Amino acid sequence: KLTNRVAYVLPVSDDGGSTAEIVRVLGGPAVGDIRSRCLRLADDSDEEARAVKALLAHRLHSTDSTAAKLEWYSIVEGDH
């Protein structure tokens, strides 16, 4: 049974397969698609805008799963 009470889905890796399945089941645009569109629209006009652009562009370590996990825990704990 599906629910419409899903607040958000945050994939921790992105090879496209899980995103395609989420879109297939829940519908709507993929989270990564929304992020990339916002990133393209972001500007560099001031420090705050550059910070938002850097946040949207950030990626966890792609080849070192331990480093990615440690960084993720740091983000979740608010220490990042």
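Residues numbered from 1 in each chain as written. Predicted model: local features only at pLDDT ≥ 70, side-chain atom pairs only at ≥ 80, totals over all residues. Heavy atoms only, no water.

## Here's the deal with the overall build of the protein chain
Each helix and strand counted, the protein chain has four helices and zero strands in total. Total accessible area on the protein chain stands at roughly 6,800 Å², and carbon and sulfur atoms take up 56% of it. (Helix = DSSP H or I, 4+ residues; strand = E, 2+ residues; numbered from the N terminus. Areas by Shrake-Rupley, 256 points an atom, 1.4 Å probe, with all protein chains shown as cover.)

## Some thoughts on the packing of helix 2 (residues 31-41) against helix 3 (residues 47-57)
Helix 3 packs onto helix 2 with a crossing angle of 150 degrees between their chain directions and a minimal axis gap of 9 Å. One element, helix 2, and the other, helix 3, form an angle in the roughly antiparallel class. Every pair of crossing elements has a handedness; the one defined by helix 2 and helix 3 is left-handed. Packed against helix 2, whose contacting residues are Arg35, Cys38 and Leu39, the element helix 3 presents Lys53, Leu56 and Ala57 at the interface. Classifying every residue of the contact of helix 2 with helix 3 by side-chain character gives four nonpolar, no polar and two charged. (Axes fitted to C-alpha atoms, helices over the stretch in contact; angles between N-to-C directions. Parallel < 35°, antiparallel > 145°, perpendicular 65-115°, else oblique. Left-handed = near helix turned anticlockwise from the far one by under 90°. Contact = heavy atoms within 4.5 Å. Nonpolar A, V, L, I, M, F, W, Y, C, P; charged D, E, K, R; others polar.)

## Focus on the pattern of salt bridges
Oppositely charged side chains may form a pair once their charged atoms are brought near each other. Overall, the coordinates contain one salt bridge when judged by the stated rule. Between Lys53 and Asp44 there is a salt bridge, with its nearest N and O atoms 3.6 Å apart. (Salt bridge = Lys/Arg side-chain N within 4 Å of Asp/Glu carboxyl O.)

## Here's the deal with the environment of Thr19
Counting through the fold element by element, Thr19 comes out in helix 1 (residues 17-26). Each C-alpha atom, one on Thr19 and one on Pro29, is 9.4 Å from the other, the two residues being 10 residues apart in sequence.

## Here's the deal with helix 4 (residues 65-77)
For helix 4, built from 13 residues, the straight-helix expectation of 18 Å at 1.5 Å per residue is met to within 8% by its first-to-last C-alpha distance of 18 Å. Capping the start of helix 4 is the job of one residue whose side-chain oxygen sits 3.1 Å from the backbone nitrogen of Thr66: Asp64. Immediately downstream of helix 4, the backbone of Gly78 shows phi near 80 degrees, a positive value. (Expected span 1.5 Å × (residues − 1). Polar contact = N/O pair within 3.5 Å; in protein donor to acceptor, adjacent residues only side chain to side chain.)

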